[in-house]
Amino acid sequence: MKPDIERQVEELLDIEGQEILINKVAEITDERVLYSLGYSYNWDDGFAVPEAIINNPNCHLSTALEIFYLADGVSYLKDKQAVEKSSLELWKKFIVNLYDRIVNGEFERSSIGFTPPLCKVELNKLKKKLGLSEHIFLQKIEEKNS
């Protein structure tokens, strides 16, 4: 991560009020800052900030996928019915919404790379289980130097 991006993310994470942080996230134009913020976010603080990240028009596919996996989206890929029966309503709503948006192609590819955080065994099991439209969750996205 570049020092200027690191600094911006640290400043954002130091913001005390969640509403202020959400408003700041909406103003971010650099997809690398969104990606880094999603990666560095403390998930114990809830889903409002990740929701703001994925709703930012500068959020691209690699960031959406990273957030999906950080939020334990792999559980949804492995067993949709179990997640849909979950009593964790906020998490379930977040994961299902993000899953739908990714599958429906709402996020553009960008210069940021992404590698699914799966071992070979998990990757092969999911390839057999998921439909072709869901293979986006299993594909490596190469980083493009800009």
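To start, this report covers the structure provided alongside it.

Rules and cut-offs
- Residues numbered from 1 in each chain as written.
- Predicted model: local features only at pLDDT ≥ 70, side-chain atom pairs only at ≥ 80, totals over all residues.
- Heavy atoms only, no water.
- Axes fitted to C-alpha atoms, helices over the stretch in contact; angles between N-to-C directions.
- Helix = DSSP H or I, 4+ residues; strand = E, 2+ residues; numbered from the N terminus.
- Parallel < 35°, antiparallel > 145°, perpendicular 65-115°, else oblique.
- Left-handed = near helix turned anticlockwise from the far one by under 90°.
- Contact = heavy atoms within 4.5 Å.
- Patch = residues over 30% accessible without salt bridge, like charges linked within 9 Å, V, L, I, M, F, W, Y side chains within 5 Å.
- Areas by Shrake-Rupley, 256 points an atom, 1.4 Å probe, with all protein chains shown as cover.
- Salt bridge = Lys/Arg side-chain N within 4 Å of Asp/Glu carboxyl O.
- Lys, Arg positive; Asp, Glu negative; His and termini not counted.
- Charge placed at Lys NZ, Arg CZ, Asp CG, Glu CD.
- Nonpolar A, V, L, I, M, F, W, Y, C, P; charged D, E, K, R; others polar.

Some details on the packing of helix α5 (residues 61–70) against helix α8 (residues 89–103)
Okay, so step 1: Contact geometry of α5 with α8 gives a least axis separation of 10 Å together with a crossing angle of 150°. Judged on the interaxial angle alone, α8 and α5 are roughly antiparallel. Handedness of the crossing formed by α5 with α8: left-handed. Of the residues in α8, those touching α5 at Leu61, Ala64, Leu65, Ile67 and Phe68 are Phe94, Ile95, Leu98, Tyr99 and Ile102.

Re a negative patch on the surface
Okay, so step 1: There is a patch of like negative charges on the surface, built from Glu6, Glu10, Asp14 and Glu16.
Okay, so step 2: With respect to the helices and strands, Glu6 occurs in helix α1 (residues 3–13).

What about the packing of helix α4 (residues 48–55) against α8?
Okay, so step 1: Closest axis-to-axis distance for the α4/α8 pair is 12 Å, and the angle between their directions is 15°. Classified by the interaxial angle, the pair formed by α4 and α8 is roughly parallel. Helix-helix and strand crossings are classified by hand; for α4 and α8 the assignment is left-handed. Residues Pro50, Glu51, Ile54 and Asn55 of α4 form the contact with α8, whose own contacting residues are Phe94, Asn97, Leu98 and Arg101.
Okay, so step 2: Class assignment for the residues of the contact of α4 with α8 results in four nonpolar, two polar and two charged.

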